[in-house]
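For reference, the chains in residue letters:
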Amino acid sequence: MHINWHGNVLDHSGYANVSRGFLYELNRRGYNISLLTDTTFMPMDQSLRRFYEVKKVVGSYAKETGAVKDIGAISSMIKRFESGITITKRTPGQVSSGLIPKPHIAFPVFEAEPVPFHWINHLNNPLTVDEVWTSSQYCVDIFKRGGLEKPIFLIHEGVDTEVFKPKKGFDVFHTGDNFVFFSNFQWSERKAPDLLLKAFFTAFSPEEPVKLVIKTFLGFVRLPPEKEIELINRKIEMITSQLGITDTRNVVLIVQTISDEVMPNLYNSADCYVSTSRSEGVGRTNLEAMACGLPLITPDCSGMSDYAKSEYAYMVSVEPGKRVQSMDNISENYRNTFWFEPSWREIAEKMRFVYEYREKAKEIGNRARQAMVNNFGWEVVSEKMIERIKYWEENI
């Protein structure tokens with residue numbers, strides 16, 4: 001069956017990352033694919049990815065690379081849509097209706113509740129889609145509770161366990177013998193940098209040999225790195241001043257986009273990965289960190305609960321029903337929605353535990369790696385998608 005795929009593929013967004021993973025796997029299995037792509041972040045010819053290190057960290061690490069590791073495979077897919085199944089990997093408001101080859105599948109995620117009513121109405125329109133796929137049980141539940149009438153199926157996202165894997169000998173942060181906590185996110189209320197900083201400064205004093213490395217950016221319109229660091233430092237100072245903290249020497253900032261091929265070096269330069277997110281449709285950086293064998297500290301909520309389990313991750317309890325407060329760096333679709341509030345005290349306790357009981361934490365990381373290989377490699381998670389594609393092959 002011919003597959004038409006519509007969505008971002010050429011940039012570093014989560015949607016594009018997921019699209020590439022599934023497209024490579026469908027291509028490997030011999031499917032004929034037409035790709036209609038667009039990019040919201042950055043054109044491929046601006047492919048210099050460099051991260052900058054500050055706060056007492058000397059040096060920088062740079063690599064010229066794009067987001068797409070197999071440009072030839074992707075280029076061969078960019079052609080006119082044909083009769084067959086159409087899969088749209090975009091937000092519900094961006095799902096086209098009308099002259100799209102049918103059956104038409106929408107493949108969205110969302111990170112808050114309720115799902116905007118105009119999105120639900122659009123997906124329920126008989127002219128829009130025939131069924132919906134989404135990437136976590138949390139997303140299945142919030143779309144159903146929001147009034148979705150179309151059939152909805154859970155198809156987990158995957159991670160390239162051959163790219164994201166444990167590697168020894170990396171110290172791209174130049175932190176020496178310091179214990180390194182790493183977190184990677186867009187600076188926003190949903191990602192909860194306030195909770196991360198509060199937990200870190202509660203767990204550790206400035207004199208201890210421990211670093212918190214934050215790879216972040218402010219918004220989809222990227223600023224010069226020096227300006228972005230300046231603005232983020234101001235936000236950090238606003239948070240730490242409320243805590244009575246003046247010594248932030250153990251916080252390391254990294255800005256700018258880094259390719260999939262280089263990102264494993266960052267994970268493998270850390271000792272533990274920390275997510276404090278108030279909600280995730282999935283939480284791709286958690287998957288990447290676990291695939292690299294890092295112990296993970298993460299809230300037990302939303303899409304994160306699908307793959308982070310207490311047997312191989314440090315789960316943090318949450319309180320539900322926190323109303324979205326700030327609209328900085330997020331869509332208007334989040335207005336009047338709710339997510340979760342992780343316990344910053346538990347985050348601090350688990351950070352301290354991992355720091356003091358390192359061998360136990362390493363064993364947790366090893367189990368996390370095995371869970372990713374067994375359950376979340378692209379070949380594994382694609383089976384459910386292939387099952388749905390075969391259904392439509394037999395029922396058109």
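Residues numbered from 1 in each chain as written. Predicted model: local features only at pLDDT ≥ 70, side-chain atom pairs only at ≥ 80, totals over all residues. Heavy atoms only, no water.

(A) Expanded view of the sheet that holds strand β12 (residues 272-274). The sheet built from 6 strands is open, its strands ordered β11-β10-β9-β12-β13-β14 with parallel pairing. Each edge of the open sheet carries a strand with a single partner, namely β11 (251-254) and β14 (314-316). Ignoring which end each strand starts from, the neighbouring axes of this sheet average 20 degrees apart. One ladder, built from 2 bridges, connects β12 with strand β13 (residues 296-299); its direction is parallel. (Pairing = 2+ DSSP bridges. Helix = DSSP H or I, 4+ residues; strand = E, 2+ residues; numbered from the N terminus. Axes fitted to C-alpha atoms, helices over the stretch in contact; angles between N-to-C directions.)

(B) Structural context of the pattern of salt bridges. In total, this model carries 23 salt bridges according to the counting rule given. A salt bridge links Glu25 to Arg28; its shortest N-O distance comes to 2.6 Å. Of this pair, Glu25 and Arg28 both sit in helix α1 (residues 14-28), 3 residues apart, which is roughly one turn of that helix. Here Asp194 and Arg278 are joined by a salt bridge, their closest N and O atoms 3.0 Å apart. On the criterion of sequence distance, the pair formed by Asp194 in helix α5 (residues 193-203) and Arg278 in the loop between β12 and α8 (284-291) is long-range, its members being 84 residues apart. On the basis of relative accessible area, Arg278 is assigned to the buried category, the value being 3%. (Salt bridge = Lys/Arg side-chain N within 4 Å of Asp/Glu carboxyl O. Buried < 20%, exposed > 50% of the residue type's maximum accessible area, 1.4 Å probe, protein only.)

(C) Spotlight on the pairing of strand β10 (residues 210-217). Most of β10 is tucked away, with 8 of its 8 residues classed as buried. Judged by which residues are buried, β10 turns out to be covered on both faces: Val210, Leu212, Ile214 and Thr216 on one side and Lys211, Val213, Lys215 and Phe217 on the other are all buried. Read from strand β9 (residues 179-186) through α5 to β10, the crossover connection turns out right-handed. Across 4 bridges, β10 lies against β11 in parallel orientation. Looking at β11, one finds that Leu212 is bridged to Val251. (Right-handed = clockwise from strand over helix to strand, strands pointing away.)

(D) View of the side chain of Glu189. Mapped onto the secondary structure, Glu189 falls in the loop between β9 and α5. Lys322 provides the closest opposite charge to the buried, unpaired Glu189, separated from it by 4.3 Å. At 3.0 Å, the side chain of Glu189 and the backbone nitrogen of Gln325 are in polar contact. For Glu189, the contacting residues outside a window of four places in its chain are Arg278, Lys322, Arg323, Val324, Gln325, Ser326 and Trp339. (Lys, Arg positive; Asp, Glu negative; His and termini not counted. Polar contact = N/O pair within 3.5 Å; in protein donor to acceptor, adjacent residues only side chain to side chain. Contact = heavy atoms within 4.5 Å.)

(E) Quick peek at the layout of surface pockets. In this structure, the second largest pocket spans a volume of roughly 640 Å³. Lining the second largest pocket we find 26 residues, and of these Asn268, Ala270, Asp271, Leu294 and Lys362 sit closest to its centre. Elements that contribute at least two residues to the lining of the second largest pocket include exactly β9 and α10 (358-375). (1 Å grid on protein atoms, 1.4 Å probe; cavity = no way out; pocket = protein on both sides within 12 Å on 5 of 7 lines; lining within 4 Å. Points joined across faces, edges and corners; volume = space filled by probe spheres on them.)

Function cannot be inferred from these measures alone, as they are strictly geometric.
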